[in-house]
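Okay, here's what each chain looks like letter by letter:
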Amino acid sequence: MITRTLALALPALVFLFIATLPARLNFQAISASALLAVLLILFFADTKRQNPKIRIAISLISLLLSTRYIYWRGSETLPLEFGFLSIILGLLVFGAELYAYINGVLGSFISIQPNARVAIPLKGDPSSWPSADVYIPTYNEDPHILLATVIAATQLDYPKDKLNVYVLDDGGTAQKLHQNDTLKAAQALARTKEIQLICQQFGAHYLTREKNEHAKAGNMNAALSHTQGDLILILDCDHIPSRDFLQRTVGFFQADAKLFLVQTPHNFASPDPLERNLRTEGISPTENELFYDAVQPGLDSWGTTFFCGSAAVLRRSVINELGGFSGQTITEDAETTLDAMSLGYKTAYYARPMVSGLQPETFSGFILQRVRWSQGMIQIFLLKNPLKMPGLTVLQKLLYANFAFYWGFATSRLIMLIAPVMFLMFSVNLCNASPPELLGFAIPALLASLLHTQYLYGQVRWPFISQLYEVVQSVYVTRGLYEVIRKPRSPTFQVTPKGETLSSGFISTLAKPFYFLLLANLLALAHAIYVYGQPGYAQGAILYVGFWALTDAILLLCALGVTLERPQLRAEPRIPISNFPITAHVNDSSAEGHYINASSTGARVNVNLSQQEHQQLQLGMKIPLSFTQYPDTLPTVLKYIGPWQNDQATLGLRYTLTTTAQYRIAIDIAFGSSAQLSLNNDARHKGKSIVGSLFSLSRWAGVYGLAHLYKLLIKLIPRRPQP
Amino acid sequence: MNLGHYFPRHITQSLPLACLLLCLHAFSPVSQAQAVTAPATIQTDAHERFVLPLSKLLSAEQSITLRGHTANIDFSLPVPDLNRVQHLQLQLKGVSSIDIGTPSSLVVRVNGQVQGQIALNPHAPQFSDSITIDPTLLKAGYNNITLRARHESQEICRDEEELWTEISTQQSGFVIQSERLAPTAKLSLIRQLLDKKLFANDIQIPIFSAPQPDAKQLEALGVIAQALGRRMDYVPVNIQHQTLAATLPTALAQLAPEQYLGLVVGTTAQTLPYVEHLTIPSGTAAHMAMVGDAHYPGRYLLVLTADQAEAQLQLAQSLMLESLPFEQEQWVAVTDLQLPSPSSLPHYNELPFEGQVILPIKALGFNTQTYTGRGVHGPVMRVWNNGWQSRIQLNLNLNYSAGLDPQSVMNVMANDLFVSSVPLQDPLGGEYLNYKVSIPADLLQLGWNTIALKAYMQPLGNQQQCHRERDEGLALTLHDDSSIQKKTGPSSQLPDLALLSGAGTYQSAVSGSLIDDVVLSNNELPLINASLNLLAKLAQTNPYKAWKLISQAQQTPSTTHQIWLGPKSELPENTLSSTSIQFDNPVELEIPLRSARLIVAHERFAPLNAINNLFSSDKKAEPAVGLANISIADLAQHRSAAWTHQTGDNTYTVFSADDNALLDQGIQYLTKPAIWGQLRGNYALWSTESPRVFSISLVETPFTSYGLRAGVGIWVSLHPWLSLGILLLVLATFVALIRWGLRIYHAAK
């Protein structure tokens, strides 16, 4: 133990010694420039991002430069001599920077050697395999969303006698059905009947309970008394599993008796509001991919993977030992993992996307979800402080505390949005440093951090997109954090609305704070331009902070673009499908073709047609599809005819499903293959350069941000009464 | 008269010595006897002649230069209250530029009246002339003297820099013949006799007292010495301690020709011969009286009489008052003088200052001033810095006139190194409010620093053209509410003799108390004399500090900072720590070569200091000391030495010589102005036969206090490229180590 502590502590001390070494600015400038050059060489030398030595070296260089910066900021530049306001704001800005630094250090640590697990094949005779229950908790979602999940769950590739699918309906509890509001009671009853019918039709069990107590955790705990499976696969009602989910995850449990959890990525088929409103869907990696493709593998390497509420398999015996799912907080998933880990159980993360889920469609839904997550994590920290929890290793304690710490980004970002305004407009000194010092310390640290982030996460997160996500969440998550810190037990579980359709575009009501922040930054910029060059104003500082304010203004304009909701007419997202052959039966003749994309209710296909056949196509005509893999055909109706090109045409088809088998085929084609989901994700992982991303940000700000402001202007101008 | 109301207000308004005296409870004439109804001032037969070089009046050692088409210098000629000038002549010697044209002149004005002029001739640039000044123009007090040079240019656009007149301050000056006045003896004479407006270079004051003073008497003598020092402000005070003479005429006869005042300190019995003609009621506990004798016109004795030791001390303390109540009386009784405790005294901010303080530059003696014309103008300020890595920030308030060329600037210089420019670039004129200039740590040095503001003003338009009238429109006003702010770093902890001589903060650097002990190793007269002269000087250079004079034999010192006087053989061991001084020729010193000391960094954020203190258990560690022998061969006889060092929490400053008499001579010599300023360092040696004081200083360097870390910091700063190579190697090693560590970690899983 002492040897290990020394082995860790000594290099850390040497590193700190170097990072805090007092030296003249010339050495700082020379060393920072040289280190940046080395970092750049390493960055371009490892384009595949797979060389562990380079990964460590880049992390170290970035860490060294940022540690020198933050030490210099803390020891040399705090504006403690310029009055009360300056002290308060200066400390806040430094706090925000310190927060970012600590977050960066922890991020580097987590990602130093991500764990890339491969599936462990199931051993032994299928009769010896553990039995598995699939829990699909639901509350008020549309039964149509549930339908695809139930179908996919019931056709998981696993012995049928070992597989039981349970729909845990909290919308059909006695409390809901007999509520005082008769209309709502009637709606709940109708929904319940519809779900019961789905269960009956596709071989799932319907479970409900008397009262809606303890939200999702209570719902699942109630189900425990009705089920007996060795393993529990938990799926949110919109998380449609691929066929091989259990085949690829149960093997881990056979290999390790102490394993409690195998978590897999939450893969989303629909874009979040940011992707949708900035038109980056299908091009840029989705937000969660940073977490599931980069952070979770890193956490897994340190044994701290945690349960994310869905798309995970859990060992039933451990749940029993815990006395059920933990429900003290509104993030029962992380809380349950923490409890299991404290008993000495392990967790694993398998990075293959094997569910297709839905993101919240609206900005308000997105904020609702994020505020719940942030409050839940802070609740865990306040009510079940991981740092004090027995049975956890030091690393687990540290990294679990980090999950709560992570949400500080919102306040940190808010400070960063306000700080340049205070300097440029009111001359509040925030950092007592000269421009050469900023050049020597701040710029190298900033560039190194950018390159480091781009190296670690460039494939799953475009540069500056994180900042944009932070900006759009900053105000509301900060408010949420304040509320939960004030009253840790007050937040209640708010279900994220999903599967909504938006008939027309509108400005989100949550956009208001961004108007004020944008206006303040623009005024500050205008003031900076006005005073630049005037005597008494430090040009270097104005340039530096002015660039900061400009960046903030661009991010805020992008945030306005995000809050301008686009119409969303299709409730079901389409999944891109590749190499899936079909035979389309058009006017008594058969045409070979393949899928372009598919959902549970329709598809877009490409078929080989002569020009004459193409001309004979008519909207509304029936075009059944047959497959080599399936005995049945899928009846469809033609809804779209693409232009004829190279003896081919693209057709938009709507399924007209009638039988259970047809439903099963449609779900299997769209969501059944995890290989297809991986392929789709890989297509978005091409990355983007820092310059390219800056350009995109500017474009979004200029196009969508200004469109928002234009729409706002139109809305504010009183209309003339119609004659 | 309601004394209770009168005195507190009076004292508050008039005393800079409020740190010592805040409240005088009772100070009353027991009788109105001997009241003088009319000032009876007579003239003595003494006609005195003085020569006052301009170097003394202008504080300029060598010369002054008057540059430009017109230039003038103003200064004051002090005339003592008790001197009547009978004849005054100003001798001026200097040289003019050969580029000036004719007629050029140097005009002398006294209190606004032109008293003469000297024609400046480019063909005979050297000039030496004397101007007789009408003595009736002079008044007692400070008289304004103006030397104004008017330079014509030989060419139309001659550069102003080439038009100058230089006046030698050593060879120019006033020759004064004056007559000494002899007013009737009364207490108000204390002010006139202890007058810093002095023609002589110093004032000599004998103090008559018992040959072997007890502890309280000694303390009282110490207070009297400090009171004399403070009353004389910057004028050197030469005190001679003598035993009591038998009668008043005898004592007056003992005064040297240049001595006009003596002090008598004693009991009623001892001073009775001096004051018996005053009819002081018997039983008066303590009183002070001014006495004289018709046979010795112009000479006076101030008699301080008290039978009780405490009353003696009170009498001495009352002498600290700048002006006394009942000054028109010849004597007053002093009873029940109440003084505040030192701990209740307010904290005085002064420059040099300690800690993080912001002060207006008025505190540095600078008053709002307007600078006009092209060329270089501006104040030079001295600031004490006792902290490594301290920074100074100036917040300047200034405005400037229209018509300045955009190239006009006011440069800020620190220790003659450029720091920053304040642009004066708006042709329409402008003003700055709190214009911030930060002076970085590396431009400041430990000790005194000079901060100069130099305005370079140029008129708008073609610089090649010469329009003198435009130059006169150029103006810049620097306001004295501009402020100076010091941001502290770790403070220097080593004591230094310069902190005694340099007007300043030795007490705040190494000692927190307002009153320190001055300890005599014996009670001999020469040593007492030495201590009184030292105290008078200390009181002048450290205005917010007081000392208690004690004798080693009578009292044990208790303050953390102690000043010791005595022959080396009598000094206790702890005052000699790591110091061995032999007074043989050559002198040998054993001094620490290097001193390593843990310095507790003073954080700007106060709670951090508390945290630091928690982890700074070693802060009382003794310095690590190495020894070396140093020979100073050219020191002649009559040597004295001073050294200062810190042992544990105590700081000892020692003045020593082979014997009491030598030390007395040494201190009298050391307290002369040109010598006292040389006292600095940790060790100082001087001889009465040499104009030099040899000093040895332990040099603190900014990073020594940080040990290894900062040492490496200096090294990498000096060798950036080599350091970079090493840094890359270290990083490569780290990469290998982390890889190895991760392998072990995952294998263990």
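Notes on the structure in this doc start here. (Residues numbered from 1 in each chain as written. Chains lettered and ligands numbered in written order. Predicted model: local features only at pLDDT ≥ 70, side-chain atom pairs only at ≥ 80, totals over all residues. Heavy atoms only, no water.)

A short note on the overall build of chain A
Phase 1 of the analysis: Regarding its fold elements, chain A presents 24 helices and 18 strands.
Phase 2 of the analysis: A buried classification covers 56% of the 723 residues belonging to chain A.
Phase 3 of the analysis: Accessible surface, chain A as shown: approximately 30,700 Å² in total, 61% of it carbon and sulfur. (Helix = DSSP H or I, 4+ residues; strand = E, 2+ residues; numbered from the N terminus. Buried < 20%, exposed > 50% of the residue type's maximum accessible area, 1.4 Å probe, protein only. Areas by Shrake-Rupley, 256 points an atom, 1.4 Å probe, with all protein chains shown as cover.)

Quick notes on the overall build of chain B
Phase 1 of the analysis: Counting its regular elements, chain B contains 16 helices and 38 strands.
Phase 2 of the analysis: Across the 749 residues of chain B, 53% fall into the buried class.
Phase 3 of the analysis: The contacts in chain B between residues at least 6 apart in sequence include a share of 79% that link residues at least 24 apart.
Phase 4 of the analysis: With the model as given, the accessible surface of chain B reaches about 32,200 Å², and the carbon-plus-sulfur share is 53%. (Contact = heavy atoms within 4.5 Å.)

Description of helix α7 (residues 182-202) of chain A
Residue and element names in this part refer to chain A.
Phase 1 of the analysis: With 21 residues, α7 extends 30 Å from end C-alpha to end C-alpha; this agrees with the ideal 30 Å at 1.5 Å per step.
Phase 2 of the analysis: Looking at α7, one finds that the buried residues are A185, A188, R191, T192, I195, I198, C199 and F202. Along α7, the residues classed as buried sweep out an arc of 145° about the axis, all on the same side. For α7, the exposed residues set more than 90 degrees away from the buried face come down to T182, L183, K193, L197 and Q200.
Phase 3 of the analysis: Buried residues belonging to α7 abut β1 (132-138), α5 (143-154), β2 (163-169), α6 (174-177), β3 (205-207) and α22 (660-671). (Expected span 1.5 Å × (residues − 1). Arc of directions from axis to C-beta.)

Overview of the pairing of strand β4 (residues 231-234) of chain A
All names here are of chain A.
Phase 1 of the analysis: Of the two faces of β4, the one lined by L231 and L233 and the one lined by I232 and I234 are each fully buried.
Phase 2 of the analysis: Both β1 and β4 contribute to a ladder of 4 bridges, which runs parallel. Looking across to β4, one finds that D133 is bridged to I232.
Phase 3 of the analysis: Relative to strand β7 (residues 312-315), β4 runs antiparallel, the two being bridged by 4 bridges. Note that in β7 the partner of L233 across the bridge is V313. (Pairing = 2+ DSSP bridges.)

So, the sheet that holds β1(A)
The pairing of strands in a sheet happens through backbone hydrogen bonds and is either parallel or antiparallel.
All names here are of chain A.
Phase 1 of the analysis: Overall, mixed pairing links the 7 strands, which are arranged β3-β2-β1-β4-β7-β6-β8 in an open sheet. Among the strands making up the open sheet, the edge pair consists of β3 and β8 (346-349). Between one strand and the next, the sheet's axes are offset by a mean angle of 25°, whatever the strand orientation.
Phase 2 of the analysis: Two strands pair when backbone bridges link them, and strand β6 (residues 259-263) and β8 are joined in this way by 4 bridges, in the parallel orientation. Paired with Q263 across the strands is Y349, a residue of β8.
Phase 3 of the analysis: Sheet contacts for α5: β1 and β2; angle to β1, the most-contacted strand, approximately 180°. (Axes fitted to C-alpha atoms, helices over the stretch in contact; angles between N-to-C directions.)

Structural notes on the environment of A:L651
Residues and elements named next belong to chain A.
Phase 1 of the analysis: Tracing the chain through its elements places L651 in strand β18 (residues 648-655).
Phase 2 of the analysis: In this structure, the C-alpha to C-alpha distance between L651 and I596, residues 55 residues apart in sequence, is 9.5 Å.
Phase 3 of the analysis: Those residues within four positions of L651 in sequence are excluded, and the remaining contacts are A603, R604, V605, V607, L617, I623, L638, Y640 and I641.

Focus on the packing of helix α2 (residues 25-45) of chain A against helix α17 (residues 435-457) of chain A
Residues and elements named next belong to chain A.
Phase 1 of the analysis: As a packed pair, α2 and α17 sit with axes 10 Å apart at the nearest point and diverge in direction by 15°. In terms of their interaxial angle, α2 and α17 are classed as roughly parallel. Between α2 and α17 lies a crossing of left-handed hand. Residue-level inspection shows L25, Q28, A32, L36, L39, L40 and F43 of α2 in contact with α17, the latter providing P436, E437, G440, F441, P444, L447, A448, L451, Q454 and Y455.
Phase 2 of the analysis: Among the residues forming the contact of α2 with α17, the class breakdown is 13 nonpolar, 3 polar and 1 charged. (Parallel < 35°, antiparallel > 145°, perpendicular 65-115°, else oblique. Left-handed = near helix turned anticlockwise from the far one by under 90°. Nonpolar A, V, L, I, M, F, W, Y, C, P; charged D, E, K, R; others polar.)

Remarks on the nonpolar core
Residue and element names in this part refer to chain A.
Phase 1 of the analysis: Core analysis: the biggest nonpolar cluster contains 110 residues, and L64, F306, F363, L468, F514 and W700 have the highest contact counts within it.
Phase 2 of the analysis: Counting residues per element, this core draws most heavily on helix α20 (residues 539-562), which supplies 11 residues.
Phase 3 of the analysis: Not counting chain neighbours up to four residues away, the residues in contact with F306 comprise L261, Q263, F291, Q296, L299, A334, T337, M377, Y400 and F403.
Phase 4 of the analysis: In terms of nonpolar packing, the next biggest core, distinct from the first, is built from 77 residues, I136, Y206, C237 and V605 among them. (Core = buried A, V, L, I, M, F, W, Y, C linked by side-chain atoms within 4.5 Å.)

Observations regarding the environment of A:Y139
Residues and elements named next belong to chain A.
Phase 1 of the analysis: Tracing the chain through its elements places Y139 in the loop between β1 and α5.
Phase 2 of the analysis: The class for Y139 is partly exposed, based on a relative accessible area of 30%.
Phase 3 of the analysis: Distance in space between the C-alpha atoms of Y139 and G172 is 8.0 Å, their sequence separation being 33 residues.

Some details on the interface of chain A and chain B
Phase 1 of the analysis: Taken residue by residue, the interface counts 41 residues in chain A and 38 residues in chain B.
Phase 2 of the analysis: For the chain A and chain B pair, buried surface summed over both sides reaches about 3,400 Å², with 71% attributable to carbon and sulfur atoms.
Phase 3 of the analysis: Counting across the interface, chain A meets chain B through 0 salt bridges.
Phase 4 of the analysis: Scanning the region where chain A abuts chain B turns up 1 residue pair in polar contact (both at pLDDT 80 or more).
Phase 5 of the analysis: Sorting the residues of the side of chain A that touches chain B by element identifies α1 (2-19), α2, α3 (52-76) and α11 (287-301) of chain A as the ones contributing at least two each.
Phase 6 of the analysis: Considering each element in turn, the side of chain A that touches chain B owes the most residues, 9 residues, to α3(A). (Buried area = accessible area lost by both parts, 1.4 Å probe. Salt bridge = Lys/Arg side-chain N within 4 Å of Asp/Glu carboxyl O. Polar contact = N/O pair within 3.5 Å; in protein donor to acceptor, adjacent residues only side chain to side chain.)

Structural notes on the packing of aromatic side chains
Residues and elements named next belong to chain A.
Phase 1 of the analysis: Counted according to the given criterion, the structure contains 31 aromatic pairs over all chains.
Phase 2 of the analysis: Each ring, one from Y69 and one from W72, has its centre 5.9 Å from the other, and the planes form 45°; the classification is tilted. Of this pair, Y69 and W72 both sit in helix α3, 3 residues apart, roughly one helical turn.
Phase 3 of the analysis: For Y69, a relative accessible area of 13% puts it in the buried group.
Phase 4 of the analysis: For W72, a relative accessible area of 4% translates into the label buried.
Phase 5 of the analysis: With a centroid separation of 4.5 Å and 45° between ring planes, the pair formed by F306 and F403 is classed as tilted. (Phe/Tyr/Trp six-rings, centres within 6.5 Å; stacked < 30°, edge-to-face > 60°.)

Describing the pairing of strand β24 (residues 417-423) of chain B
Residues and elements named next belong to chain B.
Phase 1 of the analysis: Bridging between strand β23 (residues 409-414) and β24 involves 6 bridges; their strand directions are antiparallel. Its bridge partner being in β24, M410 is matched across the sheet by V422.
Phase 2 of the analysis: Linkage of β23 to β24, two consecutive antiparallel strands, is achieved through a turn of 2 residues, within which N415 is found at a positive phi near 50°.

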